[in-house]
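# A closer look at the structure
Each chain, written out:
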Amino acid sequence: MERRQVGVVQDLFRYPVKSMQGERLSAADIGVQGIIGDRAYALRETNGRIATAKKWANMLAFSARYDGPPVPRALTPLRITLPDGRTVQ
């Protein structure tokens, strides 16, 4: 089979928390389900449903970053930056 280049990766991002801003990466570990640590966390509404920016657009003003490299099948600690600049763990 002939191999040919079909594209170039220009930017690489990981989003630790679903529907929040993520972090730009220079390299990423890839597993069976994609980038390790991508969307490993999500916020849950009081009714048990996963909160998304489709319903809660202000979630896009929050950003999340890992404190260290994420590990497959483990929840790595992270920091969430609020729109006012404060951070929470």
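Described below are features of the structure shown in this document. Owing to the predicted nature of the structure, the values given are computational and were not obtained by experimental measurement.

### With respect to the overall build of the protein chain
- Of the regular secondary structure elements, the protein chain holds 0 helices and 7 strands.
- Starting at the N terminus and walking to the C terminus, you meet the elements of the protein chain as β-β-β-β-β-β-β.
- On C-alpha atoms alone, the protein chain measures out to a radius of gyration of 15 Å, which is more than a quarter above the 12 Å that the 2.2 N^0.38 rule sets for 89 residues.
- Every one of the 89 residues in the protein chain was classed for burial, and the buried ones make up 26%.
- For the protein chain, the proportion of contacts with a sequence separation of at least 24, taken over those separated by at least 6, is 40%.
- Accessible surface, the protein chain as shown: approximately 7200 Å² in total, 51% of it carbon and sulfur.
- Counting 14 positive and 8 negative side-chain charges, the protein chain places the centres of these two groups 6 Å from one another.

### What to know about the packing of aromatic side chains
- All chains considered together, the criterion is met by 1 aromatic pair.
- For the pair Phe13 and Tyr15, a centre-to-centre distance of 6.3 Å together with 20° between the ring planes defines the contact as stacked.

### What to know about the pairing of strand E6 (residues 78-81)
- In E6, alternate side chains face the same way, and those of Leu78 and Ile80 are buried while those of Arg79 and Thr81 on the opposite face are not.
- In the sheet, strand E5 (residues 63-66) pairs with E6 via 4 bridges, with the strands oriented antiparallel. When the sheet's bridge partners are listed, Arg65 is paired in E6 with Arg79.
- Where E6 lies against strand E7 (residues 87-88), 2 bridges are found, and the strand directions are antiparallel. Directly across from Thr81, in E7, lies its bridge partner Thr87.
- Linking two consecutive strands that pair antiparallel, namely E6 and E7, is a turn of 5 residues; a positive phi of about 95° is found at Gly85 within it.

Basis of the calculations
- Residues numbered from 1 in each chain as written.
- Predicted model: local features only at pLDDT ≥ 70, side-chain atom pairs only at ≥ 80, totals over all residues.
- Heavy atoms only, no water.
- Helix = DSSP H or I, 4+ residues; strand = E, 2+ residues; numbered from the N terminus.
- Rg over C-alpha atoms; globule rule 2.2 N^0.38 Å.
- Buried < 20%, exposed > 50% of the residue type's maximum accessible area, 1.4 Å probe, protein only.
- Contact = heavy atoms within 4.5 Å.
- Areas by Shrake-Rupley, 256 points an atom, 1.4 Å probe, with all protein chains shown as cover.
- Lys, Arg positive; Asp, Glu negative; His and termini not counted.
- Charge placed at Lys NZ, Arg CZ, Asp CG, Glu CD.
- Phe/Tyr/Trp six-rings, centres within 6.5 Å; stacked < 30°, edge-to-face > 60°.
- Pairing = 2+ DSSP bridges.

So yeah, pure geometry; function would need other evidence.
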